[in-house]
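Architecture and fold: a report
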Amino acid sequence: MADHDRLAILGAGVMGETVLSGLLRAGWDVGRIVATDRRPAREAELKDRYGVRMLTNLDAVAEADTVLMVVKPQDMRDLLTEIGPSVRPDTLIVSLAAGVETILIEDLLPAGVPVVRVMPNTPAQVDEGMATISAGRHAGDDHVQRVSAILAATGRVLVVPEKYQDAVTAISGTGPAYLFFVVEAMIEAGVHLGLPRDTATELVVQTMLGSAKLLRETGEHPTVLRERVTSPGGTTAAAIRELEQHRVRAAFMGAMEAARDRSRDLAAAARAAAVQDHQSGNDHGGTG
Ligand SMILES: NC(=O)C1=CN([C@@H]2O[C@H](COP(=O)(O)OP(=O)(O)OC[C@H]3O[C@@H](n4cnc5c(N)ncnc54)[C@H](O)[C@@H]3O)[C@@H](O)[C@H]2O)C=CC1
Ligand SMILES: O=C(O)[C@@H]1CCC=N1
């Protein structure tokens, strides 16, 4: 992304702020970024915290070369309906919403507007994010590069075919929640075994961090690393037997299938709303 390019973040909730703060930590000039939020208290909060200019959606789009849409999937249609007619043909539109397909976004925008879909995650708040990027029909390599450069400020980036994005959402988009769930459960277990809560928390958090670092830095398969902890007839073997008896592996598969299916449901709901709009003649003017 060239240094003069300007970015608008529409919807400055958890993920919008995550991207904003990451870019500022990476050295972006706050003057190159504008943001919006429909909640006035949130606008004031972000203005105070980062000195970022908070505008209306239409003003933000008018100023920007790249527009990140970071509202809930259910709010995406209203947002696109509002900004669609004002989007210039060369404005790059980027959606970070779960489930919403680029083809639906393109339909609500003027013909030919480039659209890119991203699935980020919250570890971007500490520059350890994992984001995947997929190009829509009118987005070229230069657009994908531009979005990669933005997301690379907050962690790792992979370009994937859009058909993978529902699975990605279930694995890395939603993934931090599963790991926090495991951490919660392990801390409770420590307390159950008689450890003070702060001691249990320190043990579990450092063990999570250290295990992730071991995986990343050695590149070893997790099974190999687990086997190295598992002494014959020892404590780990006893614990793993319990996890297997409770079908924890199957539960993880079921959980991620459910997340993948929910992402597909969100896409289907957006498609159904589009069909209903067309049938009722309530077309929003998009020709893309
Ligand atoms: N939170 C997460 O871990 C992740 C979220 N996402 C995606 O990011 C998007 C946002 O999620 P969160 O930040 O968690 O939600 P959030 O609810 O924290 O933020 C959404 C923000 O958008 C604002 N908003 C809604 N409609 C608006 C409009 N028309 N104009 C301006 N502002 C508007 C809301 O006031 C709110 O502050 C979702 O589509 C979600 O699928 C993707 C990956 C991870
Ligand atoms: O729960 C959600 O729908 C969002 C998308 C991925 C993570 N959080």
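Predicted, not measured: the structure shown is a model, and the values here were computed from it.

**Quick look at the nonpolar core**
In this structure, Ala8, Ile9, Leu10, Leu68, Met69, Ile93 and Val94 are the most contacted members of the largest nonpolar core, which totals 56 residues. Excluding anything up to four places from it in sequence, Ile93 contacts Val67, Met69, Val87, Ile105, Leu109, Val113, Pro114 and Val115.

**Observations regarding helix α1 (residues 14–25)**
Given a rise of 1.5 Å per residue, twelve residues ought to cover 16 Å, and the 16 Å separating the end C-alpha atoms of α1 matches this to within 8%. Elements that come into contact with the buried residues of α1 comprise β1 (7–10), β2 (33–36), α2 (40–50), β4 (66–69) and α6 (141–152). Just downstream of α1, Gly27 is the residue with a positive phi angle, here 105°.

**Things to note about the site of ligand 2**
Close to ligand 2 lie Ala98, Thr169, Gly173 and Thr174, which account for all nearby residues. Among the residues making up the shell around ligand 2, the classes are represented as one nonpolar, three polar and no charged.

**Notes on unusual backbone geometry**
A positive phi is found at Asp127, a non-glycine position, where the angle reads about 60°. Tracing the sequence through the fold places Asp127 in the loop between β6 (115–119) and β7 (129–135). When the 14 C-beta atoms within 10 Å are taken as the criterion, Asp127 is described as partly exposed. Of note, the phi angle at Arg247 is positive, near 55°, even though the residue is not glycine. Position of Arg247 among the secondary structure elements: in the loop between α11 (235–245) and α12 (248–279).

**Remarks on the domain arrangement of the protein chain**
In terms of domains, the protein chain is made up of domain 1 (7–165) and domain 2 (174–246). If you average the C-alpha positions of domain 1 and of domain 2, the two centres end up 35 Å apart.

**Quick notes on the pairing of β6**
Across the five residues that make up β6, a large majority, five, are buried. Side chains Val115, Arg117 and Met119 project from β6 onto one buried face, and the interleaved Val116 and Val118 project onto a second face that is buried too. Sheet analysis places β6 next to β7, joined by four bridges and oriented antiparallel. Note on β7: the bridge partner recorded for Val118 is Ile133.

**With respect to the site of ligand 1**
As a structural note, the neighbourhood of ligand 1 is formed by 28 residues, with Gly11, Gly13, Met15, Ala97 and Ala98 the closest of them. Those elements that place two or more of their residues in the shell around ligand 1 are α1 and α4 (73–83). Here the residues of the shell around ligand 1 are counted per class, giving 13 nonpolar, eight polar and seven charged.

**Examining α11**
Within α11, only zero of the eleven residues are buried, which leaves the element largely exposed. Positioned one or two residues after α11, Arg247 has a phi angle of 55°, which is positive.

**Overview of the sheet that holds β1**
Pairing within the open sheet is mixed, and its eight strands lie in the order β3-β2-β1-β4-β5-β6-β7-β8. One side of each edge strand has no neighbouring strand; the edge strands of this open sheet are β3 (53–54) and β8 (155–159). Bridging between β1 and β4 involves four bridges; their strand directions are parallel. Paired with Ala8 across the bridge in β4 is Val67. The strands touched by helix α7 (residues 165–173) are β6 and β7; relative to β6, the strand with the most contacts, the crossing angle is about 35°.

What counts and what doesn't
Residues numbered from 1 in each chain as written. Chains lettered and ligands numbered in written order. Predicted model: local features only at pLDDT ≥ 70, side-chain atom pairs only at ≥ 80, totals over all residues. Core = buried A, V, L, I, M, F, W, Y, C linked by C-beta atoms within 7 Å. Buried ≥ 20, exposed ≤ 12 C-beta atoms within 10 Å, placed from the backbone. Contact = placed C-beta atoms within 7 Å. Helix = DSSP H or I, 4+ residues; strand = E, 2+ residues; numbered from the N terminus. Expected span 1.5 Å × (residues − 1). Near = placed C-beta within 6 Å. Nonpolar A, V, L, I, M, F, W, Y, C, P; charged D, E, K, R; others polar. Domains from an automatic or database assignment. Pairing = 2+ DSSP bridges. Axes fitted to C-alpha atoms, helices over the stretch in contact; angles between N-to-C directions.

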